[in-house]
Amino acid sequence: MKYSFYLWVLLLFGLFPVGMKAGNISLNGTWNLKFFPQPKEAVRTPQDLTDVQGTIIEAKVPGNVELDMLAAGLIKDPMIGNNVYTLRPYEGYQWCYSKKFATPEIKEDEQVRLFFGGIDCLADIWLNGQLIGSVDNMFIEHEFNVTKFLEKSGENDLQVIIRSSVIEAQKYFLGTFSIGNFANEESVYLRRAPHTYGWDIMPRLVSAGLWRDVELRVINHTHIVDAHWMTSTIDTEHKKAQLFLDLQTEIPFSQLDKSRAVVTLKRKGKEVYKTEFDIVKHAFRLIVNLENVDFWWPRGYGEPALYDAEIRLISENGRLLSEHSSRIGIRTTKLDLKDINHMPDDPGRFCFIVNGERLFVKGTNWVPIDALHSRDASLLEDAFNLMVEMNCNMVRCWGGNVYEDSRFFDLCDENGIMVWQDFAMGCTFYPQRQDFADAIEKEAISIVRKFRSHPSLVLWSGNNEDDIALRWTLVNFNINPNKDVVSRKVLPQVIYEMDPTRPFLPSSPYLSQAAYEEGSNEDLFPENHLWGPRGYYKDPFYTEAKARFVSEIGYHGCPNRESLEKMFTKDYVNPWLNGQVGLWNDEWMTKAVRIYNQEPKQGGRNDLMTNQVKILFGSIPKGLDDFIMASQSVQAEAMKFFVEMWRGDKPDRSGIIWWNVRDGWPVLSDAVVDYYNSKKLAFHFLKNVHEDVCVFMNDAKDGSYPLVVVNDTRWSSKGNVVITDVATGKEIYKGSFTVDANDRGEIAKLPKMSGQGVLLINYDVDGKKLANHYLYGEPPFKLDDYKNWLKKTKIYTIK
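In every chain, residue numbers begin from 1 and rise along the written sequence. This being a predicted model, a pLDDT of at least 70 is required before a residue's local features are given, and a value of 80 or more before pairs of side-chain atoms are given or counted; all residues contribute to the totals for chains, interfaces and linings. Computation of side-chain values covers all heavy atoms of the structure but excludes hydrogens and water.

Enquirer: Sorry if this is basic, but what is going on with the overall build of the protein chain here?
Expert: Working definition: helices are DSSP H or I runs of at least four residues, strands are E runs of at least two. Numbering for both runs from the N terminus. Per the secondary structure count, the protein chain includes 17 helices and 37 strands. The C-alpha radius of gyration of the protein chain comes to 28 Å, within 12% of the 28 Å expected for a compact globule of 799 residues. In terms of its C-alpha atoms, the protein chain occupies a principal-axis envelope of roughly 85 × 65 × 55 Å. Between buried and exposed lies partly exposed: a residue is buried under 20% and exposed over 50% of the maximum accessible area for its type, with that area taken using a 1.4 Å probe on protein chains only. For the protein chain, the residues scored as buried account for 61% of the 799 residues in total. Whether two residues are in contact is decided by their heavy atoms: any pair within 4.5 Å suffices. Relative to all contacts within the protein chain whose residues are 6 or more apart in sequence, the contacts with residues 24 or more apart total 70%. Surface accessibility of the protein chain: about 31,800 Å² in total, with carbon and sulfur atoms responsible for 49%. Looking at charge distribution, the protein chain has the averaged site of its 92 positive side-chain charges lying 3 Å from that of its 107 negative ones. For the radius of gyration, the atoms used are the C-alpha atoms, and the globule rule reads 2.2 Å times the number of residues raised to 0.38. Throughout, the Shrake-Rupley method with a 1.4 Å probe supplies accessible areas, and for residues the shown protein chains are the sole cover considered. Positive charges are assigned to Lys and Arg, negative charges to Asp and Glu, while His and the chain termini are left out of the count. Here the site of a charge means atom NZ of a Lys, CZ of an Arg, CG of an Asp or CD of a Glu.

Enquirer: Where do I start with the packing of aromatic side chains in this structure?
Expert: Here a Phe, Tyr or Trp ring, Trp counted by its six-membered ring, pairs with any other such ring whose centre lies within 6.5 Å, and the pair is stacked when the planes are under 30 degrees apart, edge-to-face when over 60, and tilted otherwise. Across all of its chains, the model carries 43 aromatic pairs by this definition. Measuring from centroid to centroid gives 5.4 Å for F177 and F477, while their planes differ by 65°, and the two rings are edge-to-face. Of the two residues, F177 is situated in the loop between α4 (165-168) and β11 (209-210) and F477 in the loop between α8 (466-472) and α9 (485-498); the sequence distance between them amounts to 300 residues. Site record: aromatic cluster; members linked through ring pairs are Y536, Y537, F541, Y542, Y555, F641 and F642. Of note, R217 hangs over the ring of F115, and the distance from its end group to the ring centre comes to 3.7 Å. We note R714 situated over the ring of W297; from NZ or CZ to the ring centre the distance is 3.8 Å. Two limits define a charge over a ring: the Lys NZ or Arg CZ must be within 6 Å of the ring centre, and within 35 degrees of the ring normal.

Enquirer: Sorry, what's going on with the layout of surface pockets here?
Expert: Over the atoms, a rolling probe the size of a water molecule traces out where space has been left empty. With a 1 Å grid spanning the protein atoms alone, the term cavity applies to any set of points in which a 1.4 Å probe fits but cannot get out, the term pocket to an open set with protein on both sides within 12 Å along at least five of seven lines, and the term lining residue to any residue with an atom within 4 Å of a point. Grid points are joined across faces, edges and corners, and a volume is the space filled by probe spheres set on the points. The volume enclosed by the second largest pocket comes to roughly 560 Å³. Elements that contribute at least two residues to the lining of the second largest pocket include exactly α12 (561-567), α15 (624-648) and α16 (681-689). Considering every element that reaches the lining of the second largest pocket, the biggest residue donor is α15, with five residues. Tallied by class, the residues present in the lining of the second largest pocket amount to six nonpolar, five polar and nine charged. Amino acid classes used here: Ala, Val, Leu, Ile, Met, Phe, Trp, Tyr, Cys and Pro are nonpolar; Asp, Glu, Lys and Arg are charged; the rest, including Gly, are polar.

Enquirer: It is not clear to me how helix α14 (residues 605-617) should be interpreted in this structure. Could you clarify?
Expert: Structural remark: α-helix, 3.6 residues per turn; residues separated by three or four positions point the same way. Any helix carries an expected span of 1.5 Å times its number of residues minus one. The first and last C-alpha atoms of α14 sit 19 Å apart over 13 residues, in line with the 18 Å expected at 1.5 Å per residue. Within α14, burial applies to R605, N606, L608, M609, T610, Q612, V613, L616 and F617. Tucked into the core, α14 has its buried residues touching α13 (586-590), α15 and α17 (783-793). Phi for G618, located one or two positions after α14, is positive at around 85°.

Enquirer: What should I look at first to understand the environment of I56 in this one?
Expert: Within the element layout of this structure, I56 appears in strand β3 (residues 55-61). For I56, a relative accessible area of 58% corresponds to the exposed category. Along the chain, I56 and E381 lie 325 residues apart, while their C-alpha atoms are 34 Å from each other. Not counting chain neighbours up to four residues away, the residues in contact with I56 comprise L33 and K34.

Enquirer: Whenever I open this one, a negative patch on the surface confuses me. Can you help?
Expert: There is a patch of like negative charges on the surface, built from D435, D438, E441 and E497. When residues in the negative patch are grouped by element, the largest group, three residues, is from helix α7 (residues 434-451). We classify D435 as partly exposed; its relative accessible area is 44%. Residues enter patches when their relative accessible area tops 30% and they take part in no salt bridge; the joining distance is 9 Å for like charges and 5 Å for the nonpolar side chains Val, Leu, Ile, Met, Phe, Trp and Tyr. One side-chain nitrogen of Lys or Arg within 4 Å of one carboxyl oxygen of Asp or Glu is enough to make a salt bridge.

Enquirer: Got a minute to help me understand the sheet that holds strand β1 (residues 24-26) in this structure?
Expert: For sheets, the rule is that strands pair by backbone hydrogen bonds, running either parallel or antiparallel. By the convention used here, strands pair only if DSSP detects at least 2 bridges between them. Overall, antiparallel pairing links the four strands, which are arranged β1-β12-β5-β9 in an open sheet. The two strands at the open ends of the sheet, each matched to only one other strand, are β1 and β9 (142-145). Strand after strand, the sheet turns through a mean of 25° between neighbouring axes, direction not considered. Strand direction decides the pairing type here: strand β5 (residues 110-116) and β9, joined by four bridges, are antiparallel. Paired with F115 across the two strands is E143, which belongs to β9. Axes, fitted as lines to C-alpha atoms, cover a helix only where it is in contact. Angles between the N-to-C directions of the axes lie from 0 to 180 degrees.

Enquirer: Before we go on, may I ask you to explain the pairing of strand β23 (residues 361-366) in this structure?
Expert: A regular strand places its side chains so that they alternate between the two faces of the sheet. Along β23, six of the six residues are buried, which leaves the element largely enclosed by surrounding structure. Relative to strand β30 (residues 655-658), β23 runs parallel, the two being bridged by four bridges. Bridging across to β30, K362 finds its partner in I656. Between β23 and its parallel partner strand β24 (residues 394-397), the chain crosses via helix α5 (residues 376-389), and the hand of that crossover is right-handed. For the handedness criterion, the strands are oriented away from the viewer, and a crossover whose path from the first strand over the helix to the second runs clockwise is classed as right-handed.

Enquirer: Sorry if this is basic, but what is going on with the sheet that holds strand β19 (residues 320-328) here?
Expert: Taken together, the four strands give an open sheet; going across it, the order is β16-β15-β18-β19, and neighbouring strands pair in antiparallel fashion. This sheet does not close on itself; its edge strands, each paired only once, are β16 (270-278) and β19. Pairwise comparison of adjacent strand axes, ignoring direction, gives a mean angle of 15° for this sheet.

Enquirer: Teacher, can you tell me more about α15 here?
Expert: A rise of 1.5 Å per residue sets the reference length of α15, with its 25 residues, at 36 Å; its end C-alpha atoms lie 36 Å apart and thus fit the reference within 8%. Taking burial as the measure, the 25 residues of α15 include 23 buried ones, the bulk of the element.

Enquirer: What is the right way to look at the pairing of strand β10 (residues 155-162) in this model?
Expert: Of all eight residues making up β10, six are buried, and the element is well covered by its neighbours. Relative to β10, strand β4 (residues 93-102) is paired through eight bridges, and the arrangement is antiparallel. Paired with W95 across the bridge in β10 is I162. In the sheet, strand β7 (residues 123-127) pairs with β10 via five bridges, with the strands oriented antiparallel. Opposite I125, over in β10, you have V160 as the bridge partner.

Structure, rendered in structure tokens:
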């Protein structure tokens, strides 16, 4: 390919990002940003833009406008204290990004595409004074053929004019049931991340920006449009599999019968399959039969084996026209769902099956990495590694977020972490009109095409809690969610057409027609979110829950002091209470989360922490450090208890996805790691009870404690266990055990302990030394006693 002098300079000085293909020219970096209050008639054209007075500053792309204003000294850091409220006036602003770039020199059979990884949100895109497109979806990628709009020589002027999402939301009339729910009404019609309008875990920060990469893509007229790899059949016993490659191209008629496709598969650098053929039509299916297959397995159940797949289109004279590279995994996935739960005689089912193996899921919910999503990419690796360290085998991508980018799914593929992907909707009733259905269909096709070849992706879910949200404030209307056009018609049709091998769940939790007809009681749900009153973690609400699978469950825990000192201004760190319980200082209310400055809507969530501390320890410590320890201890014991209770009921119960691994903002929450990646005590407790083969004690039944071993692997295991009381050093039990593959066993029944204390469970599994603990007795406990018991276990670092 030939390049202009400008492009040769980029190549010479290494200014192409790492991994960029030769035909991609980054437009990331420095842009100009002009902003101003949106007038009554929004500015939509460059001509109108010149007539408006505004502020002009330097901007970074990918970026968010708040980060640019922060860098320019126009605002204070919104992460600290109450500063986020100062952004409210900018919700009514318009923003224009502009950049000049040189025209790439292209051949006669090439074209130039302008690619945006993400635009937030309502924007008109102008190139050299010509409108090349308008966008209205934050979540999806946008690409435009700009070949005819480029200057023949010299510079091009690119402008992206963004309108106010808050003002523009008023143009969409809402239906009766879309008002008054948990999700903000401004979020209902616009395709932006719901959390940006304020949530109980995220601030109100209605941003704007070019939040993912922007680039020019020089491509041949003959090019690959889509390559979809899917597993047709497998035979794990004989290590055989059949794959489909569905390939779609764009090709001039003159090149049909003259161009060739070359397809190769490699495993660990060794070629295991290769074929080539003439391209006689634009779309075709290749059936690939393989032997000696290494299958992709989730964590614990085997290696997440990946193959390097490459597709190349070659001209008749041997020139490379287009190529597509990916890493694929060979596996089948199924959700065994019986959608009504009649306990105990006819229980429901909600069990994931991969390669014919029934799995027990132990995973976490994934929420926004940051409220300003242009920072997501830089934060991803550290956040993701938390799940690897904790041995999670599934992550549920929550519907109030954006869709993570391809790198997230690559990491899940490589580490054997299954992905449950919600579509980006939650906690409200969405429009039923055709224009909204069309917008969702377009979004779903884009997202499904982008991610469907990833082996880690095992479930599409229509939304987060829309089905049950209709029961919160509208229970008297008895609305049937099974009539919802979006989750019962539009989305399943997209999955049926675009990704037929992967299961679809209409909502989480899912209120099926059968459950609706029997009264919609949550005991009928085989899969549920267990929040409730959030009292004592051993209350009947938790211990008598009927669900077979829980996909949200959590408990509050105060962040570490060093994190509090980062998120609050100095005078507001301590005292956190204004003299008495319930009277929190102002910044602690903000971080609770209080969405609007003038109302304490979610500030009361802080009371959950103090109430939970009081239940377990009898009183609320006066010192901040003791309060942090008490709060984190309650959270840690609760989360550990939930996982052990669920795993102890295997196979009757099939999984637990707790809430949540990491905060997306400096906040007081249920996360086990805060925004600054500082781990709470619960992180370490959960890491212990996520071992593939784990020994633990469940609460006493019929006067004795079940000592349980659970094996979430495909191989039998054996080991030894010794239990001692840490206060006295007395040995309570010593023995050995064996446990079959993917099974649960009861090692012994231990007599119920009197009084209070901690039992240390030292055990080994196939030579690997491990440890756990069990807190026995009835609350309240003395905090000092509890701290001393934990120290004596020598499992955890306790200050």
